[in-house]
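Structural overview
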Protein chains: 2
Amino acid sequence: MIENHITLKKSEMPTVWYNILPDLPRPLDPPLHPLTKQPVAPQDLEPIFPPSLIAQEVSSENFIDIPGEVLDIYRLWRPTPLIRALRLEKALRTPARIYYKYEGVSPAGSHKPNTAVAQAYYNKKDGTKRLTTETGAGQWGSALAMACQFFGIECTVYMVKVSYEQKPYRKVLMQTWGASVFPSPSERTKAGRDILAKDPNSLGSLGIAISEAIEDAVNTPNSKYSLGSVLNHVLLHQTIIGEEARLQLEKAGESFPDIVIGCVGGGSNFGGILFPFMRDKLKGTRDFRAIAVEPVACSSLLKGKYDYDYGDVAKNTPLLKMHTLGHDFIPPAIHAGGLRYHGMAPIISLLYDTGYIEAQAYHQSEVFEAALLFARTEGIVVAPESAHAVKACIEEAKKCAEKGEEKVILFNLSGHGFLDLGAYDKFLNEGLPDVSE
Amino acid sequence: MIENHITLKKSEMPTVWYNILPDLPRPLDPPLHPLTKQPVAPQDLEPIFPPSLIAQEVSSENFIDIPGEVLDIYRLWRPTPLIRALRLEKALRTPARIYYKYEGVSPAGSHKPNTAVAQAYYNKKDGTKRLTTETGAGQWGSALAMACQFFGIECTVYMVKVSYEQKPYRKVLMQTWGASVFPSPSERTKAGRDILAKDPNSLGSLGIAISEAIEDAVNTPNSKYSLGSVLNHVLLHQTIIGEEARLQLEKAGESFPDIVIGCVGGGSNFGGILFPFMRDKLKGTRDFRAIAVEPVACSSLLKGKYDYDYGDVAKNTPLLKMHTLGHDFIPPAIHAGGLRYHGMAPIISLLYDTGYIEAQAYHQSEVFEAALLFARTEGIVVAPESAHAVKACIEEAKKCAEKGEEKVILFNLSGHGFLDLGAYDKFLNEGLPDVSE
């Protein structure tokens, strides 16, 4: 019998995060202050982030202990299963062995709680009473709402107005976990009021919501801001995914993957599964292909510049050296809301620039076609973001079939699609347009 | 470290279903033919069900092997976790040890695939090319759609029109898995046309949808009908839940539960977790309390008669001896759609009648209050149906706190609530009415 579902015991769950920073082929270029354009000092970030997370952002330690209180929460749903996609393999008639790490089993339905819980913990420890953040479709906001509830921290979420009105379910999820959710632009901040003065009917954007969340945190006592992707400490927290996957692949009798695949918006779920394997590639002891999958509509690796850019429209954030389509780029309204970000995590950008990672981009109709095949073979209805990884996996598995190659393909199934069935509806009953940036 | 998440290896998964029929304190009264009122012979059921399932319905074997092809599908998500609710215990300051079996990890999000997969398998084996069924909110219809897709059987679902129009997400889920979904009443059957002739704007009911699904199956070549609860073979397939839970409780170092709790609509998820423990109670070797939890709005055990009744409004089904509120009873529109059924599984009814099971009923506002506490401690946002079990569990745990009793409470968390967030929205932002039948 092939074990198609590889579980770890609680006692086997990794208790460290892997910090890739000291192993990178060259150091990251420093973030620059948005006004002075000089490298930011750690204390420049203190109005926004707690000291513990600022320290993690620049840590030179290779492994960082996961605090017991964070492990206790992780244990509500972790270790997540690694699943051999036997039925998908059969449908594709491929000799490849396909494994997926399923992060959709978290109560929020995605990988986002891995960092949300860690960020809430360190904020609590450092005296933060309240966290603010932005959210688009709500995947990140709901993860942070849950994490804040667990640590007794208030949570305020600025949700892009068009999503707030059109996708009420994730708003309800945030409220169920006790968060206050405001449509952005709002009257609560100067950034929001300025936008509304110009356009009272503004539907908002992620860039505006980030500006509001930061302004709120900076101007409210005991408040900090929290970001769900892009930054080094966020990717650090996600490495629990890859550390578990390494152990599970070993249990499955596989020595190492030949291909590791993840979708990329800001880069955190891909970094999370990839870095613990990339460790060996950076040391030169193992080789494999790492594929970042983007939507054609928002393809920062394949189409963006590798340059310093702001994280938000209002230019409030430090400048980061990253692959970017420009901080004022507004991505087309594709259904994979979590991939609609103009920039890419600096670490992922550097690994792409140095040739350690390759990228692929797909249109949303072919991505949903892949999601449909996955649902009809493996059962799971995946999030539109994760469907990009499924599509790339299927393409690689087909190549293996053509060449008769028994490769081991590993991809991260970052979340389920129960709250994205409206997109499936459009795909099944109307058809989806393919849009480019 | 307390293992709060008790997993089983694939190789430890039970490979038999437990058939409680031969162990019941007295034999079930036979189903009666709807026209002759005489006991139905197995062959009377052949236009509706395949021979394998008819045989299981009256089997006297104590254990029935789960076919390998069914196990292969179960392994996509089974064994499901048994989770110790440490954070809920702490919030309640109870010395009770609370465990929940989490069936929401299935791709359909509930326990329903346990029988859907088995029914699709046996139908396939017996030559059925197409299955019909009815669904209310869509939990059952989506499970059967997935199962039929896996076995290459066509699936046609009659979905109560009010749900078809108001809850489109589960309709999309069924279509994603390849099913044809029609709002009921439809023009496709005489039963539907008769209703529409009287009331062209009829919003439908489960009773009408059952009549349409049966009529379709009987009149279409190679088609059979499939039911998601109530019948003996359905509860049989669900016993995988309790068989796993027994092994997991043992692993957790617990000798036996003191209380086993489940919500009841038709009775299948409660029967599923309960029967493998009830086996010992029926033999007199163990004692514990078994609590069936109903909505006040549709309380067939506490308020219904124990008598022969039809399963549908149109009186097409055999008469079953069961607790019933009457086949023409239309339950109020509570959010726990899966509990809105007038009757109760004959086996559960008999165990209740003979004192082996007790019942509790709760109003929906207190049930959602319990669900909120659960989401804020354990993370999982539960389905409104499962929230009834959560409520009863909390009440029992509070009693343990008052009396200082270290009881072991086990309940079945039959499904997640991602597709029920509209109900949470109403609860959080408007308040829910408490309705009685």
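Residues numbered from 1 in each chain as written. Chains lettered and ligands numbered in written order. Predicted model: local features only at pLDDT ≥ 70, side-chain atom pairs only at ≥ 80, totals over all residues. Heavy atoms only, no water.

Comments concerning the overall build of chain A
When helices and strands are tallied, chain A shows 17 helices and 15 strands. A compact globule built from 437 residues would reach a C-alpha radius of gyration of about 22 Å, and chain A, at 20 Å, matches this within 12%. A burial count over chain A gives 65% of its 437 residues as buried. Of the contacts formed within chain A by residues at least 6 apart in sequence, a portion of 76% connects residues at least 24 apart. As presented, chain A carries roughly 14700 Å² of accessible surface, and 49% of it is formed by carbon and sulfur atoms. If the 45 positive side-chain charges of chain A are averaged to one point and the 51 negative ones to another, these points end up 2 Å apart. (Helix = DSSP H or I, 4+ residues; strand = E, 2+ residues; numbered from the N terminus. Rg over C-alpha atoms; globule rule 2.2 N^0.38 Å. Buried < 20%, exposed > 50% of the residue type's maximum accessible area, 1.4 Å probe, protein only. Contact = heavy atoms within 4.5 Å. Areas by Shrake-Rupley, 256 points an atom, 1.4 Å probe, with all protein chains shown as cover. Lys, Arg positive; Asp, Glu negative; His and termini not counted. Charge placed at Lys NZ, Arg CZ, Asp CG, Glu CD.)

Section: the packing of aromatic side chains
Following the criterion strictly, the structure yields 30 aromatic pairs over all chains and no others. Taking 6.2 Å as the distance between ring centres and 35° as the angle between the ring planes, the aromatic pair formed by Tyr158 of chain A and Phe182 of chain A counts as tilted. On the criterion of sequence distance, the pair formed by Tyr158 of chain A in strand β7 (residues 154-160) and Phe182 of chain A in strand β8 (residues 180-184) is long-range, its members being 24 residues apart. Its relative accessible area of 25% is what places Phe182 of chain A among the partly exposed residues. Members of the aromatic cluster, joined through ring pairs, are Trp17, Tyr121, Tyr122 and Phe151 of chain A. The lysine or arginine in question, Arg188 of chain A, covers the ring of Phe182 of chain A, its NZ or CZ lying 3.9 Å from the ring centre. When the ring centre of Phe150 of chain A is taken as reference, the NZ or CZ atom of Arg87 of chain B above it lies at 4.3 Å. (Phe/Tyr/Trp six-rings, centres within 6.5 Å; stacked < 30°, edge-to-face > 60°. Lys NZ or Arg CZ within 6 Å of the ring centre and 35° of its normal.)

Thoughts on the interface of chain A and chain B
Counting residues at the interface gives 44 residues for chain A and 44 residues for chain B. Here chain A and chain B share an interface that buries about 4100 Å² over both sides, 62% of which is from carbon and sulfur atoms. The interface formed by chain A and chain B includes zero salt bridges. Inspection of the region where chain A meets chain B yields 16 residue pairs in polar contact (both at pLDDT 80 or more). Looking at the side of chain A that touches chain B, the element that brings in the most residues is helix α17 (residues 421-429) of chain A, giving six residues. Taken together, the residues of the side of chain A that touches chain B sort by class into 23 nonpolar, 14 polar and seven charged. (Buried area = accessible area lost by both parts, 1.4 Å probe. Salt bridge = Lys/Arg side-chain N within 4 Å of Asp/Glu carboxyl O. Polar contact = N/O pair within 3.5 Å; in protein donor to acceptor, adjacent residues only side chain to side chain. Nonpolar A, V, L, I, M, F, W, Y, C, P; charged D, E, K, R; others polar.)

Looking at the relation of the copies chain A and chain B
Both copies of the chain are related by a screw-like operation: a rotation about an axis and a shift along it. Here chain A sits on chain B after a turn of 180° about the axis and a move of 0.0 Å along it, with an RMSD of 0.0 Å. One copy is carried onto the other by what is essentially a two-fold rotation axis. Comparing interface residues between copies, 100% of those in chain A also lie at the interface in chain B; the contact surface is shared. (Least-squares fit on C-alpha atoms with pLDDT ≥ 70 in both.)

Observations concerning the sheet that holds strand β9 (residues 223-225) of chain A
All names here are of chain A. Strand order across the open sheet formed by four strands is β8-β7-β6-β9, with parallel pairing between neighbours. Looking at strand neighbours, the two that pair on one side only are β8 and β9, the edges of this open sheet. In this sheet, neighbouring strand axes are inclined to one another by 25° on average, regardless of whether the strands run parallel or antiparallel. (Pairing = 2+ DSSP bridges. Axes fitted to C-alpha atoms, helices over the stretch in contact; angles between N-to-C directions.)

Focus on helix α16 (residues 384-403) of chain B
Residue and element names in this part refer to chain B. Compared with the 28 Å implied by 1.5 Å per residue over 20 residues, the 29 Å span of α16 between its first and last C-alpha is a close match. Within α16, 14 of the 20 residues are buried, which leaves it mostly tucked inside the rest of the structure. After α16 finishes, the residue Gly404 shows a positive phi value of roughly 65°. (Expected span 1.5 Å × (residues − 1).)

Remarks on the UniProt feature "domain: Tryptophan synthase beta chain-like PALP" (unreviewed entry) in chain A
Under the UniProt annotation, the feature "domain: Tryptophan synthase beta chain-like PALP" (unreviewed entry) is placed at residues 76-415 of chain A. Helix makes up 45% of residues 76-415 of chain A and strand 19%, whereas the separation of the span's terminal C-alpha atoms amounts to 16 Å. (UniProt positions renumbered as here; feature names shortened; annotations may be inferred.)

Here's the deal with the pairing of strand β10 (residues 259-263) of chain B
Walk down a regular strand and you will see the side chains alternate between the two sheet faces. Residue and element names in this part refer to chain B. Buried residues dominate β10, accounting for five of its five residues. Residue alternation in β10 divides its side chains into two sets, Ile259, Ile261 and Cys263 and Val260 and Gly262, and both sets are buried. As defined by bridge partners, β10 adjoins strand β15 (residues 408-413) across three bridges and the pair is classed as parallel. Considered in β15, the bridge of Ile259 is made with Ile409.

Looking at the confidence of the model for chain A
Summary statistics for chain A give a mean pLDDT of 95 and a share of 99% for residues scoring 70 or more. Under the prediction, the complex receives an ipTM of 0.93, its pTM being 0.95. (pLDDT = per-residue confidence, 0-100.)

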